[in-house]
Amino acid sequence: MANYFIRPDGNDSNTGLGPTAGQAWLTLSKALGATGIKSGDVLYVSPGKHTASFSTSITPNPTVTTRIVGDSNSTFFTDIAPGEVRFNHYTVNDNTAGLTGGMVYIANDYLSFENIVFAGYGNANNTYLIYNQSGWKNITFYRCKFYQSSRSLNVRSTLTWDGFASNALMNLTVDSCVFYGTSINIVTPVATSNILDNTNIVNNIFINPLSTGQAITITSSGSTGFVIGQKIANNHFIACSIAISISTNPLTTSTLDTTFCYKIINNLFTLCGTNISAVGGNRSYTFIELQNRYVGGARTG
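Calculation notes
Residues numbered from 1 in each chain as written. Predicted model: local features only at pLDDT ≥ 70, side-chain atom pairs only at ≥ 80, totals over all residues. Heavy atoms only, no water. Buried < 20%, exposed > 50% of the residue type's maximum accessible area, 1.4 Å probe, protein only. Helix = DSSP H or I, 4+ residues; strand = E, 2+ residues; numbered from the N terminus. Pairing = 2+ DSSP bridges. Salt bridge = Lys/Arg side-chain N within 4 Å of Asp/Glu carboxyl O. Phe/Tyr/Trp six-rings, centres within 6.5 Å; stacked < 30°, edge-to-face > 60°.

(A) Main features of the pairing of strand β12 (residues 145-148). Side-chain alternation along β12 places Phe146 and Gln148 on a buried face and Lys145 and Tyr147 on a face that remains uncovered. Two strands pair when backbone bridges link them, and β12 and strand β15 (residues 178-180) are joined in this way by 3 bridges, in the parallel orientation. Paired with Tyr147 across the two strands is Tyr180, which belongs to β15.

Right, here's the structure in full:
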């Protein structure tokens, strides 16, 4: 396990093992590619804008937490002024069209993104900002910001989680992040019986999602069982058309099972059109609510 570094004036021919311009790498595609960091390593990213339009391809696939950390205080990059660490999807500035295609495609397990600002632009070329389309597991976003400036409807969501094999555990963690004009969309795996997942969406702020108007959307499918038990807690939802949308009922009986249902706990909903929307035959038994608070909006839809 080693520490690696990336900065806007680095070079991909460097070793990446030091924070100076003569040591650090330049591009995220190099650092998170087949010849970049390895399982268990830490990549420190300098303050500044780093172009992001790539798929992760760490080889071999990580088996333990592998961290990508924004060094906004310049603890390591002492010759760079402290500031925002931004993964940038713009071509010129924050108000022009983004690069073609998505921003970051997740294609590894056990990645942890920390203290990063993800800045994307919603044009027709940019359907997803961060897309996990093949069921990669154990991904964490901690103290990150997700920003989408365009009001185009072509950005379907910011974090999109899909493509999981049957009976797989997602184990997604989104903790202490800010979503401005952005959202989360999860398609949970099917299962042969109910399985308890360890996905936690906690301590976040969601402000005015621009695309679908839904801050968090969770869709379940299947008939014999579900990967269920995702926790949505301690979040603040502001000016969302729908704050939380659960579009398929995860239970096959009319009995509330507090183990195998969504946990929606201690959230604050402010001026949302609909706070919690649950669609399905047994929607009254889809989730449990504890200690949520509401300032305007309908409690359930």
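(B) Local environment of the pattern of salt bridges. Tallied over the full model, the rule gives 4 salt bridges. A salt bridge links Arg86 to Glu84, with the nearest nitrogen and oxygen atoms 2.9 Å apart. Where salt bridges share partners, they join Arg7, Asp9 and Asp79 into one cluster.

(C) Inspection of the packing of aromatic side chains at higher detail. The full count for this structure, using the stated rule, is 19 aromatic pairs. Centroid distance Phe5 to Phe77: 5.9 Å. Interplanar angle 80°. Geometry classified as edge-to-face. Separated by 72 residues along the polypeptide, Phe5 in strand β1 (residues 3-6) and Phe77 in the loop between β5 (66-70) and β6 (85-88) bring together distant segments of the chain. A single burial state applies to Phe5 and to Phe77, both of which are buried. Ring geometry for Phe118 and Phe141: centres 6.0 Å apart, planes at 75°, overall edge-to-face. Separated by 23 residues along the polypeptide, Phe118 in strand β9 (residues 117-120) and Phe141 in strand β11 (residues 140-142) bring together distant segments of the chain. You can call Phe141 buried: its relative accessible area is 0%. Among the aromatic side chains, those forming a connected cluster through ring pairs are Phe87, Phe113, Phe118, Phe141, Phe146, Trp161, Phe179, Phe206, Phe237, Phe269 and Tyr294.

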